[in-house]
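Below, each chain spelled out in residue letters.
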Amino acid sequence: MALLEQLTDPSALESVNASVSLLEDKESVAVAQAASAGIARLEAIRFRALAQLSRHREGARSVTQEAAFALSLVDKHAGAMVAAAEALTTRLPCTLNLMDQGKVSGFGAMKVAAATTWLSDEDAQAADALLEDRLAGKNSDQIRKAANHAAMTIDREGADKRAEHHRESRRLSVRQGEAGVASIEVEDGPAEKVNAAYLRIDREAKKLRTGDETRTLDQLRADVALDLLLGGQGGTGERAEVFLYMDLSTYLGLNDDPVEMAGHGHLPATLARHIATGPDTVLRRIITDPLSGQVLDLGRDRYRPTAGIGEFVRVRDRECRRPGCGRPAQTCDLDHSVPWQFGGATTADDLIDLCRRDHRLKDEPGWIYRLASDGTLTVTTPTGQSYDSSPAPLHSPRTRTAPAEKPPPF
């Protein structure tokens, strides 16, 4: 496409705006993708320039201020950019190379830098190499989760200490807004409690959505949360659940593989075992395919009757299945990948979890969802772009070790 070639020619950029107004849908998406790749390459140059400035100033604090002034940034963001620039040009060469290729944005690269900042230089380079084939095409939240997992994998003991330190720094903050509004936030709260609190608030808010209710779901969540904080009931009290995905060996302390919490990401094994052995914890048996790590069966022994297929699908999917969405499956809608009216079946092979926003998106014209037999969901957009989504394996593929040969008899 001639317009895509123009994007690499600065002298032609003046005519781009006029040309864009003439594009069809597919061309619009392609040009947006090419522009994003070009921006990533330019951001890589900007990071190199900031790192060079920092080297000239020998890491002086004034570098952050100068970057803030020159780039019209607030100090906090400027400091994060300078720190990321130093890391990318020294400890994270693979991530910087992905930016040069237009495959990772500057914002995504900053997520990698932040997730690995506590590692030694040697461990950071190892995590960077581990991520080289895992970042292209991912959004910033997926990159954050992948980078955290890589960092925990490389330095598991350090991950335990870091998690303990962050949980000790929990605090409550209030930010005053305009026109009679304000915000309250629990910062660095224990992940299992924060997620459980949100799930309870979400559940109680949905119970209030009767025919006469005029408030939106977001408004109801906010009202329920404030009511609970001020001593009200917020709705019917009920135990909230968080879902930890941990293999038996990790639970027993035989290894320290990172553990996944649905909707949050990965946790160090020591912290996950602490959560899993709490007084209100319920253990479930989940059978996985040893070759793929995917869920095959959900154990039925627990403190309440199961909800059958729906529960299995939510445990299997863990999060909304739209590529890039991380909403916990427990807050999502169950939907047919093939619509019921077109032959879809209410079985685990056809049902998927979609958050309400993505459930509605699926029903818009031109969007096609296909669920393969291996659990991979392929979403095709109205412009013909396809994106795949599948739950990450609960463990690495395992192969059976051949038994040792018996010695010949004498």
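Everything below is about the structure shown above.
Rules and cut-offs
- Residues numbered from 1 in each chain as written.
- Predicted model: local features only at pLDDT ≥ 70, side-chain atom pairs only at ≥ 80, totals over all residues.
- Heavy atoms only, no water.
- Helix = DSSP H or I, 4+ residues; strand = E, 2+ residues; numbered from the N terminus.
- Buried < 20%, exposed > 50% of the residue type's maximum accessible area, 1.4 Å probe, protein only.
- Contact = heavy atoms within 4.5 Å.
- Areas by Shrake-Rupley, 256 points an atom, 1.4 Å probe, with all protein chains shown as cover.
- Disulfide = S-S within 2.5 Å.
- Pairing = 2+ DSSP bridges.
- Axes fitted to C-alpha atoms, helices over the stretch in contact; angles between N-to-C directions.
- Parallel < 35°, antiparallel > 145°, perpendicular 65-115°, else oblique.
- Nonpolar A, V, L, I, M, F, W, Y, C, P; charged D, E, K, R; others polar.
- Salt bridge = Lys/Arg side-chain N within 4 Å of Asp/Glu carboxyl O.
- Core = buried A, V, L, I, M, F, W, Y, C linked by side-chain atoms within 4.5 Å.
- Patch = residues over 30% accessible without salt bridge, like charges linked within 9 Å, V, L, I, M, F, W, Y side chains within 5 Å.

A few words now on the overall build of the chain. Within the chain, the regular secondary structure consists of 16 helices and 12 strands. Across the 410 residues in the chain, those meeting the buried criterion constitute 35%. Considering only residue pairs separated by 6 or more positions, the chain has 53% of its internal contacts joining residues 24 or more positions apart. Accessible surface computed for the chain: about 24,200 Å², of which carbon and sulfur atoms make up 54%.

Moving on, we come to the state of the cysteines. Across all of its chains, the model carries 0 disulfides by this definition. With no disulfide of its own, Cys320 lies 3.7 Å from the sulfur of Cys325, the closest cysteine sulfur.

The subject of this paragraph is the sheet that holds strand β11 (residues 377-380). Judged by pairing direction, the sheet is antiparallel, and its 3 strands sit side by side in the order β10-β11-β12 without closing on themselves. Two strands in the sheet have a free side with no partner beyond their single neighbour: β10 (368-371) and β12 (386-389). Each neighbouring strand pair of the sheet contributes to a mean axis angle of 20 degrees, computed without reference to strand direction. Here 4 bridges tie β10 to β11, and the two strands are oriented antiparallel to one another. Bridged to Leu371 within β11 is Leu377.

This next bit is on the packing of helix α3 (residues 25-56) against helix α5 (residues 75-88). It is at 8 Å that the axes of α3 and α5 come closest, and there the two elements cross at 95 degrees. The angle between the axes of α3 and α5 places the two elements in the roughly perpendicular class. Along its contact with α3, which presents Arg46, Phe47, Leu50, Ala51 and Ser54, the element α5 presents Met81, Ala84, Ala85, Glu86 and Leu88. Grouping the constituent residues of the contact of α3 with α5 by class yields 7 nonpolar, 1 polar and 2 charged.

One pass over the full model with this rule turns up 26 salt bridges. A salt bridge links Asp218 to Arg221; the nearest nitrogen and oxygen atoms lie 2.9 Å apart. Linking Asp218 with Arg221, this pair stays in helix α12 (residues 217-229), spanning 3 residues, or about one helical turn. Measuring nitrogen to oxygen at the nearest pair gives 3.2 Å for the salt bridge that ties Asp335 to Lys362. Here Asp335, found in strand β8 (residues 333-336), pairs with Lys362, found in helix α16 (residues 356-362); they are 27 residues apart in sequence, far enough to count as distant. Overall, the relative accessible area of 10% leaves Asp335 in the buried class. Note on Lys362: relative accessible area 9%, which makes it buried. Here the salt bridges share partners, and the residues they tie into one network are Asp141, Arg144, Lys145 and Glu319.

One recurring pattern in soluble globular proteins: nonpolar side chains tend to sit buried together. Phe47, Leu88, Met99, Val104, Val112, Leu131 and Leu135 are the most contacted members of the largest nonpolar core, which has 34 residues in total. Of all the secondary-structure elements, those providing two or more residues to this core are α3, α4 (62-71), α5, α6 (93-100), α7 (106-116), α8 (121-131) and α9 (140-154). Counting residues per element, this core draws most heavily on α5, at 7 residues. Leaving out residues up to four positions away in the same chain, Leu131 has contacts with Val112, Ala146, Ala147 and Ala150. Listed in part, the 10 residues of the second largest apolar core include Cys332, Leu354, Leu377 and Val379.

Moving on: the pairing of β11. Between β10 and β11, which pair antiparallel in sequence order, lie 5 residues; one of them, Gly375, sits at a positive phi of approximately 95 degrees. Sheet topology places β11 next to β12; 4 bridges connect them, and they run antiparallel. Looking at the pairing, Leu377 lines up with Ser389 of β12. Connecting β11 to the next strand, β12, in antiparallel fashion are 5 residues, including Gly384 with a positive phi near 90 degrees.

Turning next to a nonpolar patch on the surface. A surface patch of nonpolar side chains, amounting to about 820 Å² of accessible area, comprises Leu172, Val174, Ile184, Val186, Val194, Leu226, Leu229 and Leu230. Taken together, the elements giving at least two residues each to the nonpolar patch come down to β1 (171-176), β2 (182-187) and α12. Residue placement: Leu172 occurs in strand β1.

Moving on, we get to the sheet that holds strand β5 (residues 265-267). The pairing of strands in a sheet happens through backbone hydrogen bonds and is either parallel or antiparallel. Spatial ordering of the open sheet is given by β3-β4-β5, a layout of 3 strands whose pairing is antiparallel. Lying at the two open borders of the sheet, with one neighbouring strand each, are β3 (244-245) and β5. Examined bridge by bridge, strand β4 (residues 259-261) and β5 share 3 bridges and lie antiparallel to one another. From the neighbouring strand, Val259 faces β5, where its bridge partner is Leu267.

All right, on to the environment of Asp160 then. Along the chain, the position of Asp160 falls in helix α10 (residues 156-168). Expressed as a C-alpha distance, the spacing of Asp160 and Pro268, which sit 108 residues apart in the sequence, is 5.7 Å. When sequence neighbours within four positions are dropped, the list of residues in contact with Asp160 reads Pro268, Ala269, Thr270 and Leu271.

None of this, on its own, says anything about what the molecule does.
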